[in-house]
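# Chain and residue survey
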Amino acid sequence: MLAMNYRGPYRVRMERKPMPELLHPEDAIVRVTRSCICGSDLHLYHGMVPDTRVGSTFGHEFTGVVEEVGPLVKNLKVGDQVLVPFNIACGKCNFCKQGLYGNCHESNPMATAVGGIFGYSHTAGGFDGGQAEYVRVPYADVGPTVIPEGMDPDDAVLLTDVVPTGYQAAEMGGIKEGDTVVIFGAGPIGIMAARCAWFFGPSRVIIIDHIDYRLEFARNYAKCEAYNFKSMKDPVVFLKRITDWYGADVCIDCVGCEAEGNPLQTLSGRVMLMQAGAGTALQWAINSVKKGGIVSVVGVYGPPFNLIPIGNVLNKGITLRANQASVKRLLPRLIDHVQSGRLDPKGLITHRIPLSEAPDAYRIFSSKLDNCIKTVLVP
Amino acid sequence: MANSENFDYRQIPGWGMDADPENEPTYPMKNYTGDDHKRINYERSQQQEPDVEILMSNERPALSRVFGNTVPPSGLSGAIRRYAFRHSEDSYRHWLPLILADRVNMVEGVIDDLSRGYIPDICTERGWKAEWKYNPAGVAKKVAIAAAAGLLIYWSCRKKHSKS
C-alpha cells in the first residue's frame, strides 16, 4: 500500500509499505478515505518530537471504511464508514472510564506522560498513522465512530481532532457569559477554539498571531477580533490595554512549541533545543490573563520541560488547565453542533491534495504557502 | 466586523448555549468514579503479543495491552534508544539521547537507501516543487544566499591557500 514515510527533519516521501495486519483481537483495519496534516504533525516533520523514527508514517486525523475486524470487535462491521479519534483508548482503564480518553494507560508502553496516538512518534506508542491507504486501528470498539448518515466527509475528518481540540480548549477555559477570551495562535486549532468559544457565552473573543492571511481568515470564520503581534511593541501590554488594564478573563494557548515572538525563547527552545520548543505563547497567556484567571493549554509541547513564568501563576492565582482532547467524550455534542449547522468544520479546509503528493502538502502547510489553513490528503 | 461597535455577538449561531456555570476550575472535567484509588487494578483487554523489540518506559510495570510495532530499534540509533530507555521520563538522559538517536537514524536512513541502490530524491522529499510554485522569490533568495556563502567559503579558502 502507499504510505507517507518520514526520512528525517523536513523530509518525507511516499513509499509502498506492507499492508497492516490485525495484531490484537480488538483491532480493525481501516481503508483511509481522508486524512489531514495537523499543525502538530509539523512538530514531527521539523524533528522536534523525541523518538520519531525514520520509516514512520504520520497522520492522526483520518476517516475510512472498515475493511477487516478482529474476533472481539462487536460495534463495527466491515463496510462501516468511520471517523477515528486521534487518541487510542482502551475504554477500560480508570482514565478512560472517567472520560479521559486522551490519557489511556493501555495504549502506550513507551511513555507514561501521553497515551497512544496514531502516527505520532514512538513517544506516543509507535503506531503508524493514517497518511496511508490503510491503517491498523486498535481498540476498534472504543474510538472509531460510524459517520452519521448525510454528514459531509470533510466535516467528519475534522471531528477526529481539530474540532474537539478547539472545543475542549474553550471548554477548559471555563468561559462565563460576558468574558473576554484571548486565543494565541491562528492555526486551524486556534481558529476553531475562537469559533467554539462563542458557545460558552463570552462578549469578546480575540485572536493573536503574526500571519496576516490567517488573522483575516479567523476574523471571517470565527467572528472574532484579530491582531498581529508583530504590529505591536509588546503583546502583553497591548492586551492589558484593550481589556481596560485588567487582563483577559481566559487565555488559550493554541500554539505550542514552535511559537515565534520572543528571541530568547526561540533561541533556547527552537534553535538550541535546550527546552521543549519555545514557550512564548504560554508565557504571554500567563502574563495576559487577569488575576484569578484561567489559562487553557492545547498547544503541543514535547518533553522534557519549558521555561514559563510559573511564579506569576502562583502570584496571580491562575488556574492552568490542559489536556489532549478527549475526542470520544466530546463527539456527541460536536456532531450535534455540526448537523444543526451551527459549526462548519469543512470551512477550514483550504487545500485538498492527493496522498501521493504528501511531501508537497507538508511543504505548503509548513511554509504557510498559498494562504494554507488546513490540508486534507485524499488517497 | 467583529471589531465594530455594532457587532452583536449574541447573533452568532449557538452563542452561549454550552455555557455551564458549574464549570469552575475546581470542578474537574473527568467523570470522577473514585477508581483512581484502585490504581492499576482494573479489567484489561487481552495482551498483544510482542513480535518485535518494544522499548518500554521504566515508569510502568509492563507493556500496555496494545502498542505499535512499527520501526523497531536497530543499528547505532537503536543502541542509543536502548540506553535512553534505561532512564526515566523525568531525566535528560532519556530525552536527549532519543533526539540524538533520531538524528543518527536519519543518516542511517540515507545509508540504507544507498545500500539498496536508491538515491533519495531530496528535492521531492523536501517539497521544493511546491515551494517553487508558490514562493519562487523565496527560493531564488535561498539559492542566492547559498551561492554567496559558497563563493565566500571558496574565496577565503583560496586566499588562505595562496598565502601559504
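Residues numbered from 1 in each chain as written. Chains lettered and ligands numbered in written order. Predicted model: local features only at pLDDT ≥ 70, side-chain atom pairs only at ≥ 80, totals over all residues. Heavy atoms only, no water.

## Focus on the domain arrangement of chain B
Note on interface size: it is often stated as the accessible area lost on association of the parts. Taken domain by domain, chain B consists of domain 1 (1-120) and domain 2 (123-164). Centre-to-centre separation of domain 1 of chain B and domain 2 of chain B, based on C-alpha positions: 38 Å. (Domains from an automatic or database assignment.)

## Here's the deal with the sheet that holds strand β14 (residues 289-297) of chain A
Residues and elements named next belong to chain A. Within the open sheet, the six strands sit side by side as β12-β11-β10-β13-β14-β15. Their pairing is parallel. Strands with a single pairing partner mark the edges of an open sheet, and in this sheet they are β12 (225-228) and β15 (319-322). Strand-to-strand twist across the sheet, computed as the mean angle between neighbouring axes with direction ignored, equals 20 degrees. Note that strand β10 (residues 180-184) and strand β13 (residues 248-253) share four bridges and pair parallel. When the bridges of β13 are listed, Val-181 appears paired with Val-250. (Pairing = 2+ DSSP bridges. Helix = DSSP H or I, 4+ residues; strand = E, 2+ residues; numbered from the N terminus. Axes fitted to C-alpha atoms, helices over the stretch in contact; angles between N-to-C directions.)

## As for the packing of helix α4 (residues 162-172) of chain A against helix α5 (residues 188-197) of chain A
Residues and elements named next belong to chain A. Relative to each other, α4 and α5 sit at 55 degrees, their axes nearing to 7 Å. By the angle between their axes, α4 is oblique relative to α5. In the crossing of α4 with α5, the sense of the turn from one axis to the other is right-handed. On α5, the residues touching Val-162, Val-163, Thr-165, Gly-166, Tyr-167, Ala-169 and Ala-170 of α4 are Pro-188, Ile-189, Met-192, Ala-193, Cys-196 and Ala-197. Here the residues of the contact of α4 with α5 sort into 11 nonpolar, two polar and no charged. (Parallel < 35°, antiparallel > 145°, perpendicular 65-115°, else oblique. Left-handed = near helix turned anticlockwise from the far one by under 90°. Contact = heavy atoms within 4.5 Å. Nonpolar A, V, L, I, M, F, W, Y, C, P; charged D, E, K, R; others polar.)

## Quick notes on the pattern of salt bridges
Inspection of the entire model under this criterion finds 36 salt bridges over all chains. The salt bridge partner of Glu67(A) is Arg31(A), with a shortest N-O separation of 3.0 Å. With a gap of 36 residues between them, Glu67(A) in strand β4 (residues 62-69) and Arg31(A) in strand β3 (residues 28-37) connect regions that are remote in the sequence. Residue classification places Glu67(A) among the partly exposed residues on the basis of a relative accessible area of 34%. Looking at Arg31(A), the relative accessible area reads 31%, which means it is partly exposed. Look at the salt bridges and you will find they share partners, linking Arg7(A), Arg11(A), Arg13(A), Glu15(A), Asp112(B), Asp113(B), Arg116(B) and Glu125(B) into a network. (Salt bridge = Lys/Arg side-chain N within 4 Å of Asp/Glu carboxyl O. Buried < 20%, exposed > 50% of the residue type's maximum accessible area, 1.4 Å probe, protein only.)

## Observations concerning the interface of chain A and chain B
Across the boundary between the two partners, chain A contributes 85 residues, which contact 82 residues of chain B. A combined buried area of about 7,300 Å² lies between chain A and chain B, and 53% of that area is made up of carbon and sulfur atoms. By the criterion of area lost to chain B, the three top residues of chain A are Arg11(A), Gln98(A) and Pro109(A), representing 10% of everything that side buries. Taken together, the connections running from chain A to chain B amount to 10 salt bridges. (Buried area = accessible area lost by both parts, 1.4 Å probe.)

## With respect to the side chain of Gln275(A)
Residues and elements named next belong to chain A. Structurally, Gln-275 is set in the loop between α8 (263-271) and α9 (280-288). Judged by its relative accessible area of 4%, Gln-275 is buried. Of note is the side chain of Gln-275, whose polar atom sits 2.9 Å from the side chain of Ser-268. Each residue touching Gln-275, except ones within four places of it in the same chain, is listed here: Gln-265, Ser-268, Gly-269, Phe-305, Asn-306 and Leu-307. (Polar contact = N/O pair within 3.5 Å; in protein donor to acceptor, adjacent residues only side chain to side chain.)

## A closer look at the environment of Val237(A)
Take Val237(A): it is sitting in helix α7 (residues 235-242). In this structure the C-alpha to C-alpha distance between Val237(A) and Gly247(A), which are 10 residues apart in sequence, comes to 9.3 Å.

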